[in-house]
Amino acid sequence: MKPTLWMAPLVLMACTQVALVHAAEHAAVLDWSGRVTLAMPVTGVVEQVPALAGQVLEKGALMAALDPIPFKAGVADAKAEVDRLAQDLADAQRDLDRVKELYARTVSSTTELDAAQLRFDRSQAALTGAEARLQRARHQLGQSELRAPFNALVLNRMAEPGLVAATPCQPNPLFTVVRADEILAQASLKSSEAAGLVPGGKAEVQVAGQRVHGRITGVVHQMDGKYRLEVAIPRHKGAMPGQSATILLP
């Protein structure tokens, strides 16, 4: 039976809807999310390496630690300097108060008052500098421990006890980690397809027979003029890098 004239718009509308649905589907490939190489920001000798390749770590978990003795000694030395200069400042404050009192009674001269004030100001500046050095020493002690920056899966472990973790010019990479709870679906889009897409937008990814809600984390312009669309989804057991997927845009 031939379609009547009034059915033609309906047929055309249905075809258009199908075309739109297919236009919003993009072939994708899964890849790791948040891949980063970790290194120590301070120089030292690796003493502990509790993290293993293939291990999943919670954010803040200890991955490696340097020999703490030099860093603890630096903190102790800086603390002693702060204590000494704090006593000098207290003595300078007492001397300034005494000279001010004598000056008010016209017993002390302006020169003596200026000298006492100068000693106090110098002592105060010296203490401020020592406190900054103590803060830096404590910060370096904290940096002598490398901890997971997020819930991480350890891909590679290059750290071993005895390794010099950093040099003045180039830190040695110790681990390569990725996000343990997230994976990326990546697809190549034409500029017309990428128009209007922004990080934070919603998308769905179909992978291993499952449809998962995700968010757009990147719309990156490529050298060939196309755009790489990146959609982050929660990582589940069946999702692995290199696996085929489909990104479904609203």
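Structure: see above.
Now for a look at the structure at hand. (Residues numbered from 1 in each chain as written. Predicted model: local features only at pLDDT ≥ 70, side-chain atom pairs only at ≥ 80, totals over all residues. Heavy atoms only, no water.)

### What about the sheet that holds strand S8 (residues 173-179)?
Note on sheets: strands pair through backbone hydrogen bonds, and any given pair is parallel or antiparallel.
Here's step 1: On the basis of which strands lie adjacent, the open sheet formed by four strands has the order S2-S8-S7-S4 and antiparallel pairing. A strand with exactly one partner marks an edge of an open sheet, and here the two such strands are strand S2 (36-39) and strand S4 (56-57).
Here's step 2: Sheet topology note: the S4/strand S7 (residues 152-157) ladder contains two bridges and is antiparallel. Each bridged residue has a counterpart across the sheet, and for Leu-57 the counterpart in S7 is Ala-152. (Pairing = 2+ DSSP bridges. Helix = DSSP H or I, 4+ residues; strand = E, 2+ residues; numbered from the N terminus.)

### Brief notes about the pattern of salt bridges
Here's step 1: Here the structure, examined in full by the defined rule, presents 13 salt bridges.
Here's step 2: In this structure, the salt-bridge partner of Glu-81 is Arg-84, at a minimum N-O distance of 2.9 Å. You can see Glu-81 and its partner Arg-84 sitting in helix H2 (residues 69-104), three residues apart, about one turn around the helix.
Here's step 3: By relative accessible area, Glu-81 is classed as partly exposed at 27%.
Here's step 4: Given the relative accessible area of 41%, Arg-84 is considered partly exposed.
Here's step 5: Residues participating in the shared-partner salt-bridge network are Asp-91, Arg-94, Asp-95, Arg-98 and Arg-119. (Salt bridge = Lys/Arg side-chain N within 4 Å of Asp/Glu carboxyl O. Buried < 20%, exposed > 50% of the residue type's maximum accessible area, 1.4 Å probe, protein only.)

### Quick look at helix H3 (residues 110-143)
Here's step 1: Under the 1.5 Å per step criterion, the end-to-end length of H3 is 49 Å for 34 residues, consistent within 8% with the ideal 50 Å.
Here's step 2: Restricting attention to buried positions, one finds in H3 the residues Leu-113, Ala-116, Phe-120, Ser-123, Leu-127, Ala-130, Leu-134 and Ala-137.
Here's step 3: On its buried face, H3 sits against H2. (Expected span 1.5 Å × (residues − 1). Contact = heavy atoms within 4.5 Å.)

### Considerations on unusual backbone geometry
Here's step 1: The backbone of Thr-106 sits at a positive phi, close to 60°, despite the residue not being glycine.
Here's step 2: Looking at the element boundaries, Thr-106 is found in the loop between H2 and H3.
Here's step 3: The exposure class of Thr-106 is exposed, given its relative accessible area of 70%.
Here's step 4: In this structure, Ala-208 is a non-glycine residue whose phi angle is positive, near 55°.
Here's step 5: Mapped onto the secondary structure, Ala-208 falls in the loop between strand S10 (202-207) and strand S11 (210-221).

### Describing the environment of Gln-140
Here's step 1: Among the structural elements, Gln-140 can be located in helix H3.
Here's step 2: With a relative accessible area of 33%, Gln-140 lands in the partly exposed category.
Here's step 3: Spatially, the C-alpha atom of Gln-140 lies 6.8 Å from that of Phe-71, the residues being 69 residues apart in sequence.

### Brief notes about the sheet that holds strand S3 (residues 46-48)
Here's step 1: The three strands are arranged S3-S5-S6 in an open sheet whose pairing can be described as antiparallel. If you trace the sheet from one side to the other, it starts and ends with S3 and strand S6 (145-147), each paired once. Across the sheet, the mean angle from the axis of one strand to that of its neighbour is 30°, orientation sign disregarded.
Here's step 2: Bridge analysis of strand S5 (residues 62-66) against S6 gives three bridges, and the strand direction is antiparallel. Bridge pairing in S6 places Ala-65 opposite Glu-145. (Axes fitted to C-alpha atoms, helices over the stretch in contact; angles between N-to-C directions.)

### A closer look at the packing of H2 against H3
Between two packed helices, what matters for the description is the angle formed by their axes and the separation of those axes.
Here's step 1: One can describe the packing of H2 onto H3 by two numbers: an axis separation of 8 Å at closest approach and a directional angle of 160°. Taken together, the axes of H2 and H3 are roughly antiparallel relative to one another. For the pair H2 and H3, the sense of crossing is left-handed.
Here's step 2: Its residues assigned to classes, the contact of H2 with H3 shows 20 nonpolar, seven polar and 12 charged. (Parallel < 35°, antiparallel > 145°, perpendicular 65-115°, else oblique. Left-handed = near helix turned anticlockwise from the far one by under 90°. Nonpolar A, V, L, I, M, F, W, Y, C, P; charged D, E, K, R; others polar.)

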